[in-house]
Amino acid sequence: PVMIASFLIEAILAIFVLFKYQMNNLGRLIVITLSMLGLFQISEYFVCGGLGADSATWSRIGFVAITALPALGMHIFFVLTSNKSRKLVTATYATMAGFMAYFLIAPTAFAGHECTGNYVIFQIGTTPARLYGLYYYGVLLTSMLLGYRWIIKNQKNTKFKQSVTALFIGYLVFLIPTGIANTIKPETRAGIPSIMCGFAVIFALILALYIAPRMLKVREKFVIPFISK
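What you see is a predicted model; the values in this text were computed from it and never measured.

A. Quick peek at the packing of aromatic side chains. A complete count under the given rule lists 17 aromatic pairs for this structure. Considering the side-chain rings of Phe63 and Phe103, the 4.9 Å spacing of their centres and the 55° angle between planes classify their relative orientation as tilted. Of this pair, Phe63 sits in helix H3 (residues 55-80) while Phe103 sits in helix H4 (residues 87-105), and the two are 40 residues apart along the sequence. Phe103 matches Phe63 in its accessibility class, with the two residues each being buried. With a centroid separation of 5.1 Å and 85° between ring planes, the pair formed by Phe103 and Tyr132 is classed as edge-to-face. Of this pair, Phe103 sits in helix H4 while Tyr132 sits in helix H5 (residues 126-153); the two residues are 29 residues apart in sequence, bridging distant segments of the chain. Here Phe103 matches Tyr132 in class, with each residue buried. An aromatic cluster is present here, built from Phe63, Phe99, Tyr102, Phe103, Tyr132, Tyr135, Tyr136 and Tyr137 joined pairwise through their rings. Its guanidinium or amino end placed over the ring of Tyr21, Lys20 lies 5.8 Å from that ring's centre, counting from NZ or CZ. A cation over a ring is seen here: Arg214 above Tyr210, with NZ or CZ 3.7 Å from the ring centre.

This is the structure we're talking about:
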């Protein structure tokens, strides 16, 4: 039920932002991020059985979705801070694409899964898991560091600073509870992707209900996003 509820919240938020606001670069990044969060939640739900696809297929889809999140988050930080140097973003997207290809193509990417009462454990190899952890946490922490430095340097209380601060807090909202859970119950470390994305629904709310209203223009009339001018 929690996975389905999280999926519905993130899907509704993505549709809300898509149709309410004019789509610029930031708007598209927010919608894609919300969509990837929702896609992981529904994949996680069906990993435990359903919709005509086996658990391996849903595991691949789910990991492709969450692999996009660190790169999208870094890109959002760069857009909000008007950072023109995009080499780091490009390198992050390239790394993201490599991991996506691995999870989609490698026959031994997933050794299995375990559905527990509160989260799903995805079983992947030790070496790939370590490399993936370096990518995931490395990009998240780098994004937060760059965002924090920008906040400190820009003392004016503008909508940009408010949005970057909110994004920074949004990261902490799902990183800190996950870290606490892993410290109290070390056995939960095997379910980090599932647990982290469970808390990330709060991050989704911050994107859609705090950052989007401040940084995106409301549509004056109904149009079909990405198609109508």
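B. Region of interest: the packing of helix H2 (residues 25-47) against H3. Here H2 crosses H3 at 155°, and the two axes come no closer than 8 Å. Looking at the two axes, H2 sits roughly antiparallel to H3. Here H2 and H3 pass one another in a crossing that is left-handed. A breakdown of the residues in the contact of H2 with H3 according to their chemical character gives 19 nonpolar, seven polar and no charged.

How each quantity is defined
Residues numbered from 1 in each chain as written. Predicted model: local features only at pLDDT ≥ 70, side-chain atom pairs only at ≥ 80, totals over all residues. Heavy atoms only, no water. Phe/Tyr/Trp six-rings, centres within 6.5 Å; stacked < 30°, edge-to-face > 60°. Helix = DSSP H or I, 4+ residues; strand = E, 2+ residues; numbered from the N terminus. Buried < 20%, exposed > 50% of the residue type's maximum accessible area, 1.4 Å probe, protein only. Lys NZ or Arg CZ within 6 Å of the ring centre and 35° of its normal. Axes fitted to C-alpha atoms, helices over the stretch in contact; angles between N-to-C directions. Parallel < 35°, antiparallel > 145°, perpendicular 65-115°, else oblique. Left-handed = near helix turned anticlockwise from the far one by under 90°. Nonpolar A, V, L, I, M, F, W, Y, C, P; charged D, E, K, R; others polar.

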